[in-house]
Amino acid sequence: MGLSSTLSNALGGMNASQRGIDVVSRNVANQGTPGYHRQSIVIEETAYGTSAQVRSSTLSRAFNEALEKQHLVAVSSAGYHAVRSSFLDRLQMHIGKPGDANSLDTLYAGFENALQALATNPNDVTTRAGVLNAAQQLVEQLNGLTGAVQEMRREAEQQISNSVSELNRQLTALADINVRILDLSQDQQARLSLMDERDRLVASISEAIDVRATYRADGTVALMTESGVGILDVQASQFGFQSAGALNSSSLFDPDPANSGVGQLTLRTPSGLEVNLDSRSLLSSGSIAGLLELRDTTLVNMQDQLDEIAAGLALAMSTVNTIAEDDGTGAYALDLSGMQPGNTLGLSYTDGTGTHKVRVVAVEEAGTLPLNSPNASGERVIGVDISGGDPAAAIAAALAAEVPGLAVTDDGAGGLSVANGVASVGNLSAQITASGAQSGAGALNLFVDTRGAAFTDALDGSGQKQGFAGRISVNSALIADPTLLVRYDAGVSLGDATRPQFLLDNLKGMGFVSEKMTSLRDGGVRLSGKVSDLIGQMIHHQGNVVAKAQSENAAVSYTLQSITTRMTAEYGVNVDEEMARLMQLQNAYAASARVVSTVQELIDALLRM
Amino acid sequence: MIINKSLYPVSGTIQTITNMHKKLDNLQLQLATGNRYNTLAEMGSDRLHHLNLGARLNRIEGYQANILTVQNRMSFYTLGLERLDEIEADARALAVPNAYGTDGINLATARTQATNLLKEVIDVLNTDITGQYIFGGNKSDTKPVASFSQIMDGPNGFVAYSQNRNTQDMGNDGRVDRVVAGNVVTLTEDGDHAFGFKLASVSAIGAGIVAASGPVDPAAPDAEQEISITVSAQPAPGDRVTIGVTMPHDRDSVRYFTFTASEADPLPINGFAIGADEDETAANLEAAIGSKLAQLSHTDLRSSSTYAAADGFFNGMGEAQDPAATAWYRGQDAANPRQTVTANIDESTKAHYGVQANEAGFVELIKGLAVFAVSDLSPLDATNAGRYDAMVDIQRSRLSEDNNSKPGSIEGITMELGLAAATINTVKARHTQYDAQLQTMLAEIAEAPREEVAMMLLTLQTQLQASYQATAMASQLTLVNYLR
């Protein structure tokens, strides 16, 4: 009481001011530190005997859980879209703008014009060389684009691998920090900076995968993916990525790990449970999810579209489309002896229920059957195994079984005849690949697969179309002898424009419909039309995809930026405020010091009495 | 990295300023390159328009290249056809009736002139543009017409062929057997062949002469025809017998020779003396006919025979080649020569401009010149003059301008090619106009509008300056500066 209580009050005040100035100094020093949350002194009133104004204080840290969670969601989203945008930006550089010298549409137009010149002037060495030259450029660009796409897929896998190892390191560090935060006996200041580090690590982790964070009262954090798979709870789970080696166009994702040709992402929980994260529903945001989407969907769609274009080019040059004529008795006959796997037969007939369209597709292995029906054009698909050697007999047997309303016979010499039965035939046509360069037909194997094999769009195995854009090349027989571009049979004059005109008409007139569709997220686009249409649609679609990725990236970054601004306002250090506080603390300290010295004088006066 | 762990991370305001700077760079690039868009994604819906316009422009470019090629070839055709027309006129000039020249100089030079002209015709028909022969349909890798020496000389050449034909036509006074039996004169073609005279008709005016021609068997119209003239009674002076014969070069037109009974001395031309009795008159008639036929066979028949040889040797479009003759034409033989060479000049418009050297106009010209080239007409005497006159007749009718309206004539071909050229010109004009329109539309999409870009640069510059100024001002406003 009396002076001693005054003294202890003043000392208490000075102590508090000292601690306050300490906190102010720490705040101001860490103003630029990323992830630093503003600290402040929390005053608690305690009564200690006679000195009722002694205060003790604890440190507190500015933290808003809702804002923090919003921030994590925004960071995941930003990570996802940023990685997509950067990869797709490179893709658009490879594709080029329409009208660029290396763009597919310019190269195709050059090829068409070269054929046009050949049809006008077949007996000119330069026009023949021009056609081969244009074809070569077109093929090289297709090969190059395929290479670029597959290279990007490989790079995506590599980045996933790097992210995974970084992620594991961060998770281990976070688990360690969780344990250290639990220790309440350590210095408060150190504990608060551990919590800053905790928040930084959680944000880094959420950039790679989307996490749901639960902040406990004791300061630890538990992490879970948005779909509910636990990542960190006291002990950290381990992410694993098993790379598949070099990816090429036939390495595709398959839900069955034994069949999958791409790397696998797994999560092993501390209890030993292993979860396969490749399925898209488990990871919905974050850069790893973005890379997986690129590797398995976006880039694969691009590859499919390139394959469609390459297949269209090859088939337009090499398909002989024979339309059967009514031989007077209502029967339509076709010679199918040259049929190869992948070649088709189109039949339309009318029966009591209406007009039906059927497409018979030849396959080589019985394991490929049954084929998906109906196809993208709405026709009913019947697959027939022609490995027996007589396509007409096999097809006749299949048609007799599947379409009982028509009289289908094979004449034993490779020909098929379809006549009216209960149903009446509309038309019958066969699309057969040309067998050689001088077979008498205008069609020509100008574009071939590896080692000069003809492209017939065979469906066996994984399908000949898969990755064809990387394998398509100009037939070396033509490069050795360009006169084959004109000579469709031995003894044909070099001035005869029949073959060039046929090739040109087919290229400009033959239509294709793609069986594969892009992902619904990108619009569910299915390429269809003539080869020039396919190319235009591909360029337009990919341009849209890239533009969409870039605009989404911009939108998400903007959101993230506004959240960050909000966070800076809530947790950040405002130097002006700290300076004002410093002034007040300084004055308070000086005032308390003055009280102490006054008490000192009073005691001195007392003692001198 | 999204989570920036660097000290003093950049604030949002500075981020915006950096973005404005990037925009500034982009606008500068637009001004420098002239392209409105630098990347595929930026183009948005203009992408489709650009693709479509680009595709159409490229198509038009292809067609214009084709048109150039076609026009180039057409100019060669035009030159060739003009030259051939001139040669046709020269060939007619070789054949002027009764123009033997001084001492028959024309007859002597006709052969050399015809040879030179024929060589020139063959050269024109073998015109080539950088190795492609244009008068053979679309068979442009071989010469359409054989060389002059191949055609003329050699065992199967035209010289030997025509001589052979002449011999066969002229034998037996024109391959007609003449028999006098009593008062009946009988003329019979001496075999079932195509040579010599063919008897067409006989008629008589006069009481004493009865003319009869053998029955014509419709099943065998070319069988030997027989004419008999019976002198049943002594004819009166002035009674006439008219015999019609056809020549080897034209079996459809009949030439009539009239023999008149006469008592005058000397006998008029084509007259026969009225003898003492019917038998003698018949014999006189037979003698008159005989001498006439003999004279004809050395002049008219010989010329006609050479033309018939030319008809057989130089076969036209669609006609079979005589096995005894060298093949003079090695090009394509299609039913419609114009359609052998086509060029695409628009989506659905084609130019047809093929020409074959075996079309009617060229073949007639070659035949006419070949006939003169193998006929040696000097020195000037009655026989050669007679031959020359007969050849002149046939030549003038075959090469006359009246034939211009027939398909395949030189004028006809020129006109058809002219029509094709007119179409090409129309299409070319259309392409040029369309090309200009499309280029304008493409420029609107793809080119950076200079004025707009400059305006945006100015605006951006103002914004940046204002932002920089504001940032500088804000950085000064801190309490730290005002504490003592």
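Scope of this entry: the structure provided in the associated data block. What you see as residue numbers is a count from 1 along each chain, following the sequence as written. Chains and ligands are labelled by the order in which they are written, letters from A for the one and numbers from 1 for the other. The predicted nature of this model means local features are confined to residues of pLDDT at least 70 and side-chain atom pairs, given and counted, to a pLDDT of 80 or more, with totals for whole chains, interfaces and linings taken over all residues. Note that water and hydrogens are dropped before the side-chain values are worked out from all heavy atoms of the structure.

### Some details on the packing of helix α2 (residues 65–95) of chain A against helix α6 (residues 287–318) of chain A
All names here are of chain A. Convention adopted: a line fitted to C-alpha atoms gives each axis, helices being fitted over their contacting stretch, and angles between N-to-C directions are expressed from 0 to 180 degrees. Under the scheme used here, helices are H or I runs from DSSP no shorter than 4 residues and strands are E runs no shorter than 2 residues, and both carry numbers assigned from the N terminus. Where α2 contacts α6, the axes come no closer than 8 Å and their chain directions differ by 30°. On the basis of their axis angle, the class for α2 and α6 is roughly parallel. Between α2 and α6 the crossing geometry is right-handed. Here α2 contributes G79, Y80, V83, R84, F87, L88, L91 and I95 to the contact with α6, which in turn contributes S287, A289, G290, L291, E293, L294, T298, L299 and M302. Taken together, the residues that form the contact of α2 with α6 break down as 11 nonpolar, four polar and two charged. Here roughly perpendicular refers to angles of 65 to 115 degrees, roughly parallel to angles under 35, roughly antiparallel to angles over 145, and oblique to all remaining angles. It is the rotation of the near helix from the far one that decides the hand of a crossing: anticlockwise by less than a right angle makes it left-handed, clockwise makes it right-handed. Two residues qualify as a contact provided that any one of their heavy atoms is within 4.5 Å of a heavy atom in the partner residue. The residue classification treats Ala, Val, Leu, Ile, Met, Phe, Trp, Tyr, Cys and Pro as nonpolar and Asp, Glu, Lys and Arg as charged. All others, Gly included, are polar.

### Here's the deal with the pattern of salt bridges
Residues and elements named next belong to chain A. Just to be clear on terms, a salt bridge is a Lys or Arg side-chain nitrogen sitting within 4 Å of an Asp or Glu carboxyl oxygen. Here the structure, examined in full by the defined rule, presents 46 salt bridges over all chains. The shortest N-O distance in the salt bridge between R154 and E151 comes to 3.0 Å. Of this pair, R154 and E151 are both found in helix α4 (residues 125–182), three residues apart, which corresponds to roughly one turn of the helix. The exposure class of R154 is partly exposed, given its relative accessible area of 30%. Classification of residues uses two cut-offs on accessible area relative to the type maximum, computed with a 1.4 Å probe and protein chains only: under 20% is buried, over 50% is exposed, and between them is partly exposed.

### Brief notes about the nonpolar core
Ranked by internal contacts, the top residues of the largest apolar core, which has 117 residues, are A:F111, A:L223, A:I288 and A:F447. Take this core: its biggest share by element is 19 residues, from α4(A). Leaving out residues up to four positions away in the same chain, A:I288 has contacts with A:I160, A:S163, A:V164, A:L167, A:A208, A:I209, A:L265 and A:L283. Only buried Ala, Val, Leu, Ile, Met, Phe, Trp, Tyr and Cys residues count toward a nonpolar core, and they belong to the same one when joined by side-chain atoms within 4.5 Å. Within the second largest apolar cluster, 68 residues are counted, among which are B:Y77, B:F135, B:A310 and B:A370.

### Section: the pairing of strand β12 (residues 344–351) of chain A
Residues and elements named next belong to chain A. Burial of β12 is extensive: six of the eight residues sit out of reach of the surface. At least two DSSP bridges between two strands are required for those strands to pair. In this sheet, strand β13 (residues 354–363) lies alongside β12 in antiparallel orientation, the contact comprising eight bridges. Residue pairing for β13: L345 is matched across the bridge by V360. The antiparallel pairing of β12 with β13 creates a hairpin that spans two residues between the two strands. Bridge count for β12 against strand β17 (residues 424–433) is seven bridges, and the pairing is antiparallel. Pairing of S348 across the sheet is with N427, part of β17.

### Brief notes about the environment of A:S348
Residues and elements named next belong to chain A. Along the chain, the position of S348 falls in strand β12. What makes S348 buried here is its relative accessible area of 11%. In sequence terms S348 and S429 are 81 residues apart; their C-alpha atoms lie 9.3 Å from each other. If we skip the residues at most four places from it in the chain, S348 touches H356, K357, V425, G426 and N427.

### Some words on helix α11 (residues 450–476) of chain B
Residue and element names in this part refer to chain B. To estimate how far a helix should extend, the number of its residues minus one is multiplied by 1.5 Å. The first and last C-alpha atoms of α11 sit 39 Å apart over 27 residues, in line with the 39 Å expected at 1.5 Å per residue. The complete set of buried residues in α11 reads V453, L457, L460, L464 and S467. Among the structural elements, α1 (12–33) are those in contact with the buried residues of α11.

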